[in-house]
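Working through the structure, step by step
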Amino acid sequence: QVQLAESGGGLVQPGGSLRLSCATSGIVFGIYTMGWFRQAPGNQRELVASIHSGGTSDYADSVKGRFTISRDNTKDTVYLQMNSLKPEDTAVYYCNAEREVVIHGVPGDYWGQGTQVTVSS
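A brief look at the structure comes next. Values in this document were obtained by computation on a predicted structure and should not be read as measured data.

Turning our eyes to something else, we now look at the overall build of the chain. Helix and strand counts for the chain come out as 0 helices and 11 strands. Tracing the chain from N to C terminus, the helices and strands come up as β-β-β-β-β-β-β-β-β-β-β. A compact globule built from 121 residues should have a C-alpha radius of gyration of about 14 Å, and the chain, at 14 Å, falls within 12% of that. Excluding contacts between residues fewer than 6 apart, the proportion of contacts in the chain whose partners are at least 24 apart in sequence is 56%. Surface accessibility of the chain: about 6,400 Å² in total, with carbon and sulfur atoms responsible for 48%. Within the chain, one finds 9 positive and 11 negative side-chain charges whose respective centroids are separated by 4 Å.

The following block contains the structure:
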């Protein structure tokens, strides 16, 4: 059974920091691209950051220079360090795992339940 469990969300003041974690189980972590997405009320879910199994990362323009994605392949966990948080970063943040190898007939895209991040004074 595949599980992606996010943690680390909460309420923070503008300019503050949070670190999100996503612990996975039931997947071969080393062959998955891991991503963080977010969805604010009334908005579509958007990609925040992703990291390939080899370590290459990509970021949305809105978070470049403020957020850092990382992964620990020994713990099957992906992290999102968020600094200089702004009110517009407020959203539910979701962890995503996308398998890099296509196996026909076998699902390869999984989501966590989400964790709320609220940036407000």
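Moving on to the sheet that holds strand β7 (residues 67–72). One open sheet holds the 4 strands; their spatial order is β1-β3-β8-β7, and the pairing between them is antiparallel. Only two strands of the sheet have a single partner each, and these edge strands are β1 (3–7) and β7. Each strand of the sheet is rotated relative to its neighbour by a mean of 15°, with strand direction disregarded.

In this structure the tally under the stated criterion is 2 aromatic pairs. Ring geometry for Tyr-32 versus Tyr-110: centroids 6.3 Å apart, planes at 45°, classification tilted. On the criterion of sequence distance, the pair formed by Tyr-32 in strand β4 (residues 32–39) and Tyr-110 in strand β10 (residues 109–111) is long-range, its members being 78 residues apart. On the basis of an interplanar angle of 65° and a centroid distance of 4.9 Å, the ring pair of Phe-37 and Trp-111 is categorised as edge-to-face. Residue Phe-37 is found in strand β4, and its partner Trp-111 is found in strand β10; the two are separated by 74 residues along the sequence. Over the ring of Tyr-79 we find Arg-19; its NZ or CZ atom is 4.0 Å from the centre of that ring. Residue placement shows Arg-71 over the ring face of Phe-29; its charged tip is 4.4 Å from the ring centre.

Cut-offs applied
- Residues numbered from 1 in each chain as written.
- Predicted model: local features only at pLDDT ≥ 70, side-chain atom pairs only at ≥ 80, totals over all residues.
- Heavy atoms only, no water.
- Helix = DSSP H or I, 4+ residues; strand = E, 2+ residues; numbered from the N terminus.
- Rg over C-alpha atoms; globule rule 2.2 N^0.38 Å.
- Contact = heavy atoms within 4.5 Å.
- Areas by Shrake-Rupley, 256 points an atom, 1.4 Å probe, with all protein chains shown as cover.
- Lys, Arg positive; Asp, Glu negative; His and termini not counted.
- Charge placed at Lys NZ, Arg CZ, Asp CG, Glu CD.
- Pairing = 2+ DSSP bridges.
- Axes fitted to C-alpha atoms, helices over the stretch in contact; angles between N-to-C directions.
- Phe/Tyr/Trp six-rings, centres within 6.5 Å; stacked < 30°, edge-to-face > 60°.
- Lys NZ or Arg CZ within 6 Å of the ring centre and 35° of its normal.

Everything listed here is a matter of coordinates, which is why it stays silent on function.
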